[in-house]
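Architecture at a glance
Listed here are the chains, written in short residue letters.
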Amino acid sequence: SPAVGACRAGGRGLPGRRDEMVHGQASVVFLIECQKTQPGESVYVVGGHKALGEWSPGHAAPLTTNAATFPLWTSESIQLPVGQPIDFKFVILRANMTVVRWEGFQGNRTVEALPGAMMSVRSTWDNIKTTSSTTDVSDSHVPPATGMGMVKEGGTLMNRTTSGTISFEEQMETLTHTLTEKEPMKRNFSQSLLGLEEPGTDQVAEVAPVGELQVKQSPTDEDGDAAPAMSPNRRGVALQHISSFSALTEMADVETKTQVRQRRQAAQYEPFNLSVPVVIVTSEIAPYSKSGGLGLVAASYSYEFARNGHRTMAVSPKYQHYEGIQYLGETRVRVDGQEQLVKYWHLWKDFGDGKGCDHIFVDHPSIERGGGLYNGADGREYGDNLLRFSLLSAAAMEAPLILHVGGFPYGDKVMFIANDWQAGLVPLYLCYKYRRNGCYPQARCMYVIHNLGYQGQYHSVKPTEFFGIDQQAAADVSLGNCINLTKGALICADRVLTVSPNYAWEIQTKEGGFGLDDYVKGKAHGLRLSGILNGIDDCWNPETDPKITRNFSVDNFVEGKAANKAALQKMLGLRQDPTAVLLGFVGRLTWQKGVDVLGDVVPWLMEDTGNGVTGHVQLIMMGNGEEKYANALRWAEGAYNGRVCGYVGFDPKVEHQMMAGCDLFVMPSRYEPCGLPQMYSQQYGTLPVVHATGGLVDSVKDLKEGIDVATGFLIPYMAVDKMKEALYQAMELFMKRREDFRHMQRTAMNTDFYWPRAMDQYEQNIDWAMYEPPCQR
């Protein structure tokens, strides 16, 4: 419907939620194209209503942008009275809310909200002309834009509350309950793959149909070359002390990275603060220590920041004596009410051109254990983990000041990158122990949330004594009757980052915030929250991948994928049928990954009902986790011999071969902060079918957005019928509209999810943090 007042119809409507409209009010989203800002500056909308600050810049409504959408700035949805013309204008403010500049034209724009509609109002800086469009809220499904200005279009966000379906709130409430009700010694880490290998057992699990699974899975020894026939034993590599299959990914070496990047687009953002050293604080970093995706991300940080030109240090625990490390020095830090002696070990990792990373390993008697990084074989946390990771943070704070690496220390003007709750004390110590004493006055800390479900919660701890902090700091790190290291980090960090823009929105909700949503929203309202989609490693490249049967590029992918598909079918015992649509799934066998719903659609996939689609399908499911799902995979393989491979276990080589040989990749995760496989698959022309949640929304463009931009298919909410709809749409396109399917494959292969793209946004956030005032408590 056309808007009235000064705004004329035009542009694209931004849907909202039915519950956004209240009596006498309707939602308006303001957008403006503006390239006049400098680092540390943002655009605001101000006008003649209290929601727009009543012409006071200090109370104006913020707009936000990011590297992907700049120069378009977007506000959250703002409630304005229906039928009342309201004047407005845009202004650029610094972080301290001082005015930089107003728009230069005479007069003001005017907007008039319409009843029953969600309006988007789009402008260009210094141009009084404005266009608007409206969407009937009864037809819209998308939540309001986040505090990061990530406006969600086209109904592609998370789960919809629809009659007869499970809402996002209900699903997230279930997940929140699952995590918070864990026994205390299993609450701070994922155990979905831990403890699966039980030495000394030789009992073989009985294979039973779905719904009759009462037996216990007992994996046997590594069997990477096992025959593809149905087997009750686990296949692939050992999984002991692994919480995510990402930990088993082999990263490309420096030479390979250099070669493949010569053919890609260079970084687009020019950083202002490359002279500021970066200090990465992490509980794991590949290849030295890794149990999940964090180890890979931290390793990528260490390479990318260094290659960009930052002097780079990575501080992590010394879980064992790594080859090539050298003793560097020691100091004492106060933790658990006493002075603790920590030692530092050093290893320089050379990335070429005189650039590299100083790896600093923190040594203390509590750190090195015979089991996993965090847990024993039973999946229970080590009883002194709070001590271990408090020591990591305390030692990391001292390292730039006292360690002479390369002849001189890093100094007190550094950027700390603190990762997850294990490094959550870094921003708190920076605020309370160092800045208050005149140390690190120019340093900043960015806290990265990789998974808010795990927060570092511990009971029966007196924070003033254990951490050596005052009462105010103790209040920051306390929540209820326990301490919560993530809460302290959220309050004290100069900026907070998440691993995808959509996840930054999700954790601001009651359902997705795991009890910390108010603190996350506080950071968002202060314009200090960003979501940056993780990058993928250069090893995921079909042109150079040594693990696949035939290398290929976007220019010859049809032949290349056909060869890889045939080889994959043969290797895994499937019928060699090039006309069958081949689906793949790789993941932990848990409720979170949606394998229960995927299992429910297998009989439907396999049944030929004469529609020319179902029944002409093959399925590979590879994973390990809960015993009932593992046995369900085995049952499916036996029930549909030659058409289903239920690979219980994991092999990194097979994962690469699946990305190259499958036609579709299914990823029905109920909860996924970022997700990497859906990005891997697109590089190989394997179109992802994913649940619209977390980083999956940010990395997959649904067919509804148009065949020219689509790279996959979104399942709007997690239900069997909705998964069937998405899968049928994808499979029908493969079967009956092959040219459209190939067009999507080309588009997917031309996406850029590699780390240099992500680093543009990290560098921009460093610039913002360095120009903004530090967090003061």
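Residues numbered from 1 in each chain as written. Predicted model: local features only at pLDDT ≥ 70, side-chain atom pairs only at ≥ 80, totals over all residues. Heavy atoms only, no water.

Observations regarding the sheet that holds strand β19 (residues 444–449)
A sheet is described by the order of its strands in space; here nine strands give the open sequence β15-β16-β17-β14-β13-β18-β19-β23-β24, paired in mixed fashion. Only two strands of the sheet have a single neighbouring strand rather than two, namely β15 (326–335) and β24 (529–531). Taking each pair of neighbouring strands and ignoring which way they run, the sheet shows an average axis angle of 25 degrees. Strand direction decides the pairing type here: strand β13 (residues 278–281) and strand β14 (residues 312–317), joined by four bridges, are parallel. Looking at the pairing, Ile 280 lines up with Ala 314 of β14. Relative to the sheet, helix α5 (residues 425–434) contacts β13, β15, β18 (415–419) and β19, its axis offset from that of β19 by approximately 155 degrees. (Pairing = 2+ DSSP bridges. Helix = DSSP H or I, 4+ residues; strand = E, 2+ residues; numbered from the N terminus. Axes fitted to C-alpha atoms, helices over the stretch in contact; angles between N-to-C directions. Contact = heavy atoms within 4.5 Å.)

Examining the packing of α5 against helix α8 (residues 485–492)
Running from amino to carboxyl end, α5 crosses α8 at an angle of 50 degrees, the nearest separation of the two axes being 7 Å. In this view, α5 runs oblique relative to α8, as classed from their interaxial angle. For the pair α5 and α8, the sense of crossing is left-handed. On α8, the residues touching Leu 425, Pro 427, Leu 428, Cys 431 and Tyr 432 of α5 are Leu 485, Gly 488, Ala 489 and Cys 492. Of the residues that constitute the contact of α5 with α8, the class distribution is eight nonpolar, one polar and no charged. (Parallel < 35°, antiparallel > 145°, perpendicular 65-115°, else oblique. Left-handed = near helix turned anticlockwise from the far one by under 90°. Nonpolar A, V, L, I, M, F, W, Y, C, P; charged D, E, K, R; others polar.)

Points about the pairing of strand β17 (residues 355–363)
The buried count for β17 comes to eight of nine residues, which makes it a mostly enclosed element. Note that β14 and β17 share six bridges and pair parallel. Bridge pairing in β17 links Ser 316 to Phe 361. Two elements, strand β16 (residues 338–352) and β17, share nine bridges in a ladder whose sense is antiparallel. Bridged to Asp 350 within β17 is Gly 356. Between β16 and β17, which pair antiparallel and follow one another directly, the connecting turn spans two residues, one of which, Asp 353, has a positive phi of 60 degrees. (Buried < 20%, exposed > 50% of the residue type's maximum accessible area, 1.4 Å probe, protein only.)

Focus on the pattern of salt bridges
Applying the stated criterion across every chain, the model contains 25 salt bridges. Two residues, Asp 537 and Lys 257, come together in a salt bridge whose shortest N-O distance is 2.6 Å. Placement of Asp 537 in the loop between β24 and α11 (557–571) and of Lys 257 in helix α2 (residues 254–261) is noted, with a sequence separation of 280 residues between them. Lys 257 matches Asp 537 in its accessibility class, with the two residues each being buried. Here Lys 565 makes a salt bridge to Asp 663, at a shortest N to O gap of 2.7 Å. Of this pair, Lys 565 sits in helix α11 while Asp 663 sits in the loop between α14 (652–661) and β28 (664–667); the two residues are 98 residues apart in sequence, bridging distant segments of the chain. For Lys 565, a relative accessible area of 5% corresponds to the buried category. Via salt bridges that share partners, Lys 257, Arg 261, Glu 304, Asp 537 and Asp 538 belong to a single interconnected network. (Salt bridge = Lys/Arg side-chain N within 4 Å of Asp/Glu carboxyl O.)

Notes on unusual backbone geometry
The linkage connecting Ala 286 with the following residue, Pro 287, adopts the cis geometry, with an omega of 0 degrees. Within the fold, Pro 287 resides in the loop between β13 and α3 (293–308). A positive phi angle, near 65 degrees, is found at Asp 126, a position not held by glycine. Residue Asp 126 is classed as partly exposed on the basis of its relative accessible area, which comes to 40%. Despite not being glycine, Asp 420 shows a phi value in the positive range, around 55 degrees. Mapped onto the fold, Asp 420 is located in the loop between β18 and α5. Classification of Asp 420 by relative accessible area gives buried; the value is 11%.

Let's talk about the packing of aromatic side chains
Under the definition given, this model contains 25 aromatic pairs. With a centroid separation of 5.2 Å and 80 degrees between ring planes, the pair formed by Phe 466 and Phe 467 is classed as edge-to-face. Judged by centre distance (6.3 Å) and plane angle (80 degrees), the ring pair of Trp 540 and Tyr 684 falls under edge-to-face. Highlighted residues: Trp 540 in the loop between β24 and α11 and Tyr 684 in the loop between α15 (677–683) and β29 (687–691), separated in sequence by 144 residues. Its relative accessible area of 0% is what places Trp 540 among the buried residues. We classify Tyr 684 as buried; its relative accessible area is 0%. Taken together, the ring pairs in this structure connect Tyr 301, Phe 305, Trp 755 and Tyr 762 into an aromatic cluster. The cationic tip of Lys 257 hangs over the ring face of Tyr 303; the distance from NZ or CZ to the ring centre is 5.1 Å. Seen from the ring of Phe 408, Arg 311 lies directly overhead, with NZ or CZ sitting 4.2 Å from the centre. (Phe/Tyr/Trp six-rings, centres within 6.5 Å; stacked < 30°, edge-to-face > 60°. Lys NZ or Arg CZ within 6 Å of the ring centre and 35° of its normal.)

A few points about empty space enclosed by the protein
This structure, assessed with the given rule, holds four cavities of 30 Å³ or more. When its volume is computed, the second largest cavity comes out at roughly 100 Å³. It is α3 that contributes the most residues to the lining of the second largest cavity, three residues altogether. Across the lining of the second largest cavity, the residue classes tally to eight nonpolar, three polar and one charged. (1 Å grid on protein atoms, 1.4 Å probe; cavity = no way out; pocket = protein on both sides within 12 Å on 5 of 7 lines; lining within 4 Å. Points joined across faces, edges and corners; volume = space filled by probe spheres on them.)

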